[in-house]
2 protein chains.
Amino acid sequence: MFHGLSAFPLTPTTEQRIDTAAYTALVTRLAATGVDSIGALGSTGSYAYLTREQRAHAAQIAVEAAGGVPVIVGIGALRTSHVLQLAEDAQKAGASALLLAPMTYQPLTEDEVFGLYEDVTRELSVPLCVYDNPATTHVHFTDELHGRIAQLPNVASIKIPSVPDDPSASELRVDALRALIPDTVTIGISGDWMAARGLTAGCDVWYSVIGGTFPQTALALTRAAQAGHALKATELSEGLEPLWALFRQHGSLRVMSAAASHLGLTEATNLPRPLRALDETARRRVAAALDALQLTF
Amino acid sequence: MFHGLSAFPLTPTTEQRIDTAAYTALVTRLAATGVDSIGALGSTGSYAYLTREQRAHAAQIAVEAAGGVPVIVGIGALRTSHVLQLAEDAQKAGASALLLAPMTYQPLTEDEVFGLYEDVTRELSVPLCVYDNPATTHVHFTDELHGRIAQLPNVASIKIPSVPDDPSASELRVDALRALIPDTVTIGISGDWMAARGLTAGCDVWYSVIGGTFPQTALALTRAAQAGHALKATELSEGLEPLWALFRQHGSLRVMSAAASHLGLTEATNLPRPLRALDETARRRVAAALDALQLTF
C-alpha cells in the first residue's frame, strides 16, 4: 500500500455539498486503472475545507468505489481531539490507512508536532502516513523530527514534499532520512514534478496529484521507475513539463480542478470557496496543455 | 468600539469542553475594568480550534458577561461557507462587530482573499474588522489589498500586526495605509510590544492580548497614548519588556495561558492540543515576570 503509485483524487464540491456522483466516478476509475492505493481526502481532496460529516461520507464513498484497492484517508485537523474523531470515522468507513499532516493556526513547536503524532498514533488500528507539506501546514520537519515520529507505533510511511534538483543530492537526501527511520517505514515523494527524481533516488512511493485524475500517465512513470528505467521515467516526467509549469504557477489543485472540469468529470466549479476556479485564460492554457499531451482520463 | 483598548481574553478549554465558568469570569472582569471593547474568539481566544457549536456558545457567554460593553467576535474559518455560518451565529448571539482573518490551508491568491471579504461583507448586519495576521494565516496583505477590501460594505477597522521599529517610520506606515482607506475605517495595532509605538504613530485602537488578562495595565498605556503622552506610553511599554520578551520567545498565547493559570483564573491546562502549556521552567519565568511587574488580574 505504501509502495508504487498512490493516487489522490479531487473531492468535487459545490458550496453546499460534495458532488458524490462525480467523486464516485473518479475513484472507481482509479481503482480500475490499477493504482496501488488511493489517497482520499488529501490536500487535493480538499479535506481541510469539509465538515466531519462530509469527510466521513467521502471516506465511505471512496472505500466502496475502490473495490478492494487500499484507501488512505486524510485525517488532518487543527485540533488533536478532532483528528482523533476523524481517525475513528475513517477507520469505521474501512480505510486501510490514514494520512496526517500537522495543520497549524498557531505555529507549533517541534515538541507540539511530536505530541500530536504521539497522541494520535497510540489510538490507531491501521497504519499511518506522516504528511510533511510545509506549503500548507507551515511546519518544517527536520529529519531528526521525522526520525522521532517514525518510531511511534503504527507509523508506516512518510510523505516528503520534495527532493533536491540534483539526482545525486536527491539520493543523499533520501538515504539520510532512511538512516533515521525503521526499515518498516517507507518514504514517498509528493511534489509531482519531482516524482521521477524522487523514485529514482530511492523513494518507495509517489503520492501523486496527477495520478488522481490521470492514473495511466502516473502509472507509466511509476512503473518505469520501479523497473529501474530511470531514463525512461525522467523522459516521461519531462514530457509533462507544460503541466508541471502550470502546477508551479497556479498550484496543482487549481490545475487539476480545471482539468477535471475540462474533461467533463466534474462541474466547472468544483472547489470550495475561498478557493476559486482558474480564470478563462488560465483554463484555456490548461486545456491546451492537456490536448497537446493527449491526456485523457 | 474600534477605538481605544480592545481586550482579547483567552477561551480556557479542556480537551472536552470550554471552561465556561472561567471564561465568564474573565469577560466579566474586562467589562468592569472599563475596556472599550472585548475581542471574543480572537487568536488568543483559540477560535480556530473550536467547533461551530462551541463558538456560538462562547459568543453568547461573552455578550452576556460583557454587560453592554461591545463584543467583537472572531468568525475566521478555512471555508467561506463556514465563515458565513459563524457570522450568522455571532450576530444572533448579539455581537456588536465581527473580526475576520483569512485563514488558509491552500495558499490563497490576492483575488481569493479579496473574494472572501466580498462574499462575507455583503451578508453582514454589523461592522467587520479585517484581521491581518500573517503569523497564523500566512497571508501577506499589501496596502493596496487593504485599500480594496476597506471599500467593501461594513468594513470598519483593520487590525495590523506590526509597525516598524523606528517611530517616524511607524508614522509613515500608518499614514500610507490611511491614505488608501475610507475615513470611516480605523486602524488598530495588535503586536502588544509595538502597541505604544503604534498608538503614538496614529493607530486608533490597540487590539490587545495582554489586555485580555491584565486590562488595567493595558488601559493605562492606552489612555496615556490617547491623551498624547507618547513618552509615558512608551515608558509603560518598556516597563513590560520582560513580558514582551517572553511573548517573542513562546508566543503570546502560551504566555497568557501560563499567566492565567498562575493567577488561578483557569486550570493549568487551558489550551487545546496540539498546543501545550509551557514547561515548568518557562512557567516559572512567566510567574517571576508577573510578580516582578506586580501584575495582577
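Here is what the cut-offs are and how they apply
Residues numbered from 1 in each chain as written. Chains lettered and ligands numbered in written order. Predicted model: local features only at pLDDT ≥ 70, side-chain atom pairs only at ≥ 80, totals over all residues. Heavy atoms only, no water. UniProt positions renumbered as here; feature names shortened; annotations may be inferred. Buried < 20%, exposed > 50% of the residue type's maximum accessible area, 1.4 Å probe, protein only. Helix = DSSP H or I, 4+ residues; strand = E, 2+ residues; numbered from the N terminus. Pairing = 2+ DSSP bridges. Right-handed = clockwise from strand over helix to strand, strands pointing away. Axes fitted to C-alpha atoms, helices over the stretch in contact; angles between N-to-C directions. Contact = heavy atoms within 4.5 Å. Least-squares fit on C-alpha atoms with pLDDT ≥ 70 in both.

- The name that an unreviewed UniProt entry assigns to chain A is Dihydrodipicolinate synthase family protein, with the source organism given as Streptomyces badius.
- According to the UniProt record, the Sequence similarities (unreviewed entry) comment for chain A reads "Belongs to the DapA family."

## Looking at the pairing of strand β2 (residues 37–40) of chain B
All names here are of chain B.
Here comes step 1: Neither face of β2 is left uncovered, since the one carrying S37 and G39 and the one carrying I38 and A40 both have all their residues buried.
Here comes step 2: Of the pairings in the sheet, the one linking strand β1 (residues 4–7) to β2 comprises two bridges and is parallel in character. Residue pairing across strands places A7 opposite I38, the latter belonging to β2.
Here comes step 3: Regarding the hand of the β-α-β motif, the stretch spanning β1, helix α1 (residues 20–33) and β2 is right-handed.
Here comes step 4: As defined by bridge partners, β2 adjoins strand β3 (residues 71–74) across three bridges and the pair is classed as parallel. Each residue of the ladder has a partner; that of A40, found in β3, is V73.
Here comes step 5: In this fold, the crossover linking β2 to β3 by way of helix α2 (residues 52–66) has right-handed handedness.

## Quick look at the sheet that holds strand β4 (residues 97–100) of chain B
Strand pairing in a sheet relies on backbone hydrogen bonds, with the paired strands running either antiparallel or parallel.
Residue and element names in this part refer to chain B.
Here comes step 1: Ordered in space as β1-β2-β3-β4-β5-β6-β7-β8, the eight strands form a closed barrel in which the pairing is parallel. Neighbour-to-neighbour, the strand axes of this sheet turn through a mean angle of 25°, independent of strand direction.
Here comes step 2: Relative to strand β5 (residues 128–131), β4 runs parallel, the two being bridged by three bridges. Paired with L98 across the strands is L128, a residue of β5.
Here comes step 3: Strands in contact with helix α4 (residues 110–121) are β4, β5 and β6 (155–160); relative to β5, the strand with the most contacts, it is inclined by about 165°.
Here comes step 4: On the sheet, helix α6 (residues 143–150) packs against β5 and β6 and is oriented at approximately 155° with respect to β6.

## Some details on the relation of the copies chain A and chain B
Here comes step 1: Note on the identical chains: chain A maps onto chain B by a rotation of 180° and an axial translation of 0.0 Å, with an RMSD of 0.0 Å. Classification of the inter-copy transformation places it as that of a two-fold axis. Measuring from the rotation axis to each C-alpha of chain A, the shortest distance belongs to A:H138, at 4.2 Å.
Here comes step 2: A shared binding surface is used by both copies, with 100% of the interface residues of chain A retained as interface residues in chain B.

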